[in-house]
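# Observations on chain architecture
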Amino acid sequence: MTTIIKRHRPFALLAVILATVLSLALVMAAHSAQKRHGGKRHRAPAHAAVKAPVANPLKGAQILVFSKTGGYRHGSIEKGQASFQALAKQNGFSVTLSEDPTLFRDEVLKTYDAVVFLNTTGDILDPAQQAAFERYIQSGGGLLGLHAATDTEHDGSWPWFVKLIGANFRSH
């Protein structure tokens with residue numbers, strides 16, 4: 001049972017990260033809507049249930065947020081990086097922001113619970129780095145690919161990644 005939980009822990013972490021990112025997006029949308037409505041707040045009904053605090057599965061996690069681009073560079077990368085830093089501070093986990101592909105070595109990757117491909121594009125890892133990343137994922141490491149991650153390594157030279165990410169970018 002421990003093996004199953006340990007192997008699936010990165011996926012649980014990624015689910016929590018994704019839920020947190022989506023929550024942040026909802027808060028930002030609500031704030032934007034509040035501005036559009038003259039600053040008026042909409043209050044929850046008095047009978048709305050108050051939920052008990054939930055344990056934070058992200059506390060202490062180490063996340064690599066990788067944003068190297070070998071093709072189109074999205075202007076939102078810096079905002080995404082800032083969002084991950086804010087989420088890390090709020091939820092007690094650590095992020096490393098990097099565009100350095102030399103981090104994709106066995107001894108470095110094993111220090112991270114998950115890797116985020118934040119709008120990565122094009123050919124960003126060499127064959128040795130690709131092999132290290134494959135070993136990382138196969139040993140239980142997690143991947144969260146955001147937006148342009150499907151525009152990464154899609155030239156056919158790394159079919160393993162295309163299968164992992166589940167899609168190939170074509171166009172907007």
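Below is a short write-up of the structure.

Rules of the game
Residues numbered from 1 in each chain as written. Predicted model: local features only at pLDDT ≥ 70, side-chain atom pairs only at ≥ 80, totals over all residues. Heavy atoms only, no water. Helix = DSSP H or I, 4+ residues; strand = E, 2+ residues; numbered from the N terminus. Buried < 20%, exposed > 50% of the residue type's maximum accessible area, 1.4 Å probe, protein only. Contact = heavy atoms within 4.5 Å. Core = buried A, V, L, I, M, F, W, Y, C linked by side-chain atoms within 4.5 Å. Right-handed = clockwise from strand over helix to strand, strands pointing away. Expected span 1.5 Å × (residues − 1). Arc of directions from axis to C-beta. Polar contact = N/O pair within 3.5 Å; in protein donor to acceptor, adjacent residues only side chain to side chain. Salt bridge = Lys/Arg side-chain N within 4 Å of Asp/Glu carboxyl O.

## Some points on the environment of lysine 59
Locating lysine 59 in the fold gives a position in the loop between α1 (2–36) and β1 (62–66). The exposure class of lysine 59 is exposed, given its relative accessible area of 61%. In this structure, the C-alpha to C-alpha distance between lysine 59 and serine 94, residues 35 residues apart in sequence, is 8.6 Å. Leave out the neighbours within four places in its chain, and lysine 59 touches Asn91 and Gly92.

## Some words on the nonpolar core
Counting residues in hydrophobic clusters, the biggest one holds 19 residues, and the most contacted among them are Phe104, Leu109, Val115, Phe117 and Phe133. Broken down by element, the residue count for this core peaks at four residues, all from helix α4 (residues 127–138). In this structure phenylalanine 104 touches Leu64, Phe66, Leu109, Val115, Phe117, Leu125, Gln129, Ala132 and Phe133, once residues within four positions along its chain are discounted. Ranked by size, the runner-up nonpolar core spans 14 residues in total, among them Ile77, Ala88, Phe93 and Leu144.

## Some words on the pairing of strand β4 (residues 142–146)
Burial of β4 is extensive: four of the five residues sit out of reach of the surface. Considered for its hand, the β-α-β crossover made up of strand β3 (residues 114–118), α4 and β4 is right-handed.

## Quick word on α4
Between its first and last C-alpha, α4 extends 16 Å over 12 residues, near the 16 Å set by a 1.5 Å rise per residue. When α4 is considered as a whole, its buried residues turn out to be Gln129, Gln130, Ala132, Phe133, Tyr136 and Ile137. One side of α4 carries all its buried residues, which in axial view fall inside an arc of 160°. Those residues of α4 that are exposed and aimed more than 90 degrees away from the buried face are Pro127 and Ala128. Looking at the buried side of α4, the elements it contacts are α3 (106–109), β3, β4 and α5 (159–165). Where α4 begins, one side-chain oxygen reaches toward the backbone nitrogen of alanine 128, 3.0 Å away; that side chain belongs to aspartate 126. The first or second residue beyond α4 is glycine 140, which carries a positive phi of 110°.

## As for the pattern of salt bridges
Close approach of charged atoms lets side chains of opposite charge pair. Per the counting criterion, the structure on display carries four salt bridges. Arginine 73 is paired through a salt bridge with glutamate 99; the nearest N and O atoms lie 2.7 Å apart. Placement of arginine 73 in the loop between β1 and α2 (77–91) and of glutamate 99 in the loop between β2 (94–98) and α3 is noted, with a sequence separation of 26 residues between them. The shortest N-O distance in the salt bridge between aspartate 106 and arginine 135 comes to 3.0 Å. Residue aspartate 106 is found in helix α3, and its partner arginine 135 is found in helix α4; the two are separated by 29 residues along the sequence. Residue classification places arginine 135 among the partly exposed residues on the basis of a relative accessible area of 41%. Several salt bridges converge on common partners, so that one network encompasses Arg73, Glu78 and Glu99.

Without other data, these values stay purely geometric and don't point to any function.
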